[in-house]
Amino acid sequence: MIEIRNATPDDVSLILFFIKELALYEKAPNEVVATEEILKENLFGARPYAEVVIAEYCENVTGERKAAGFALFFHNFSTWTGRPGLYLEDLFVLPEYRGCGVGKKLLTHLAAIAKARQCPRYEWVVLDWNEPSRKFYEGLGAKPLTEWIIHRVAGKSLDELAAM
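Since the model is a prediction, treat every value here as computed from it, not as a measurement. (Residues numbered from 1 in each chain as written. Predicted model: local features only at pLDDT ≥ 70, side-chain atom pairs only at ≥ 80, totals over all residues. Heavy atoms only, no water.)

Draft legend 1. Up close: the side chain of Asp-11. Mapped onto the elements, Asp-11 comes out in the loop between β1 (2-6) and α1 (12-25). A distance of 2.7 Å separates a polar atom in the side chain of Asp-11 from a polar atom in the side chain of Arg-5. In this view, Asp-11 contacts Arg-5, Asn-6 and Ile-54; residues no more than four positions away in its chain are not counted. (Helix = DSSP H or I, 4+ residues; strand = E, 2+ residues; numbered from the N terminus. Polar contact = N/O pair within 3.5 Å; in protein donor to acceptor, adjacent residues only side chain to side chain. Contact = heavy atoms within 4.5 Å.)

So this is what it looks like as structure tokens:
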């Protein structure tokens with residue numbers, strides 16, 4: 001059985017663990033600079049910037065719940081619809097729980113949140129080389145938006161742009 005629950009400040013170390021595991025999977029383990037303190041402030045502080053849900057897998061034999069994955073999401077906004085959308089920043093399931101329905105449960109849970117909050121859109125990005133995830137998402141009805149190109153300004157470029 002899979003249960004989805006909202007993360008609490010007590011989950012910060014678990015969230016950081018999942019982030020680091022995701023970075024390993026995405027072949028970028030040295031790019032994680034987040035710390036427990038940063039996450040606690042930005043997820044549970046005076047102005048939370050994102051929300052996190054934790055998937056727990058319950059073994060039928062022991063009844064023990066084990067953290068199996070997480071999803072971190074926030075709202076964006078569509079000027080065309082005049083409504084917020086739900087943006088999935090990260091989803092990760094531990095390898096031993098893949099194929100058990102954990103990823104699907106996280107995605108459907110967030111879809112229900114999007115509907116409850118009247119979000120007409122629920123979107124995310126996936127790395128072009130991540131064929132298993134792309135097929136999984138498309139199997140659930142997600143459509144790739146190939147005409148859109150993501151742009152990012154970070155580091156020195158962000159400093160320079162902000163100083164113009």
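Now that the structure has been shown, we can carry on.
Draft legend 2. Examining the pattern of salt bridges more closely. Enumeration according to the criterion identifies seven salt bridges in this entry. With its nearest N and O atoms 3.7 Å apart, the salt bridge here joins Lys-156 to Glu-160. With Lys-156 and Glu-160 both in helix α5 (residues 155-163), this residue pair falls four residues apart, about one helical turn. A relative accessible area of 62% places Lys-156 in the exposed class. For Glu-160, a relative accessible area of 41% gives the class partly exposed. Connected via shared salt-bridge partners are Glu-3, Arg-5, Asp-11, Glu-56 and Arg-65. (Salt bridge = Lys/Arg side-chain N within 4 Å of Asp/Glu carboxyl O. Buried < 20%, exposed > 50% of the residue type's maximum accessible area, 1.4 Å probe, protein only.)

Draft legend 3. Structural view of the nonpolar core. By size, the foremost hydrophobic cluster in this structure holds 37 residues, and its most contacted members are Ile-15, Val-52, Phe-70, Val-102, Leu-106 and Leu-110. Those elements that place two or more of their residues in this core are β1, α1, α2 (36-44), β2 (51-58), β3 (65-78), β4 (83-93) and α3 (102-116). Not counting chain neighbours up to four residues away, the residues in contact with Phe-70 comprise Ile-15, Phe-18, Ile-19, Val-52, Val-53, Ile-54, Asp-90, Leu-91, Phe-92 and Leu-106. (Core = buried A, V, L, I, M, F, W, Y, C linked by side-chain atoms within 4.5 Å.)

Draft legend 4. Geometry of the packing of α1 against α2. Viewed as axis vectors pointing N to C, α1 and α2 meet at an angle of 110 degrees, and their least axial separation amounts to 9 Å. In terms of axis orientation, α1 runs roughly perpendicular to α2. Residues Val-12, Ser-13, Ile-15, Leu-16 and Ile-19 of α1 form the contact with α2, whose participating residues are Glu-36, Leu-39, Lys-40, Leu-43 and Phe-44. Tallied by class, the residues present in the contact of α1 with α2 amount to seven nonpolar, one polar and two charged. (Axes fitted to C-alpha atoms, helices over the stretch in contact; angles between N-to-C directions. Parallel < 35°, antiparallel > 145°, perpendicular 65-115°, else oblique. Nonpolar A, V, L, I, M, F, W, Y, C, P; charged D, E, K, R; others polar.)

So, to be careful, I would describe these as geometric facts and stop short of saying anything about function.
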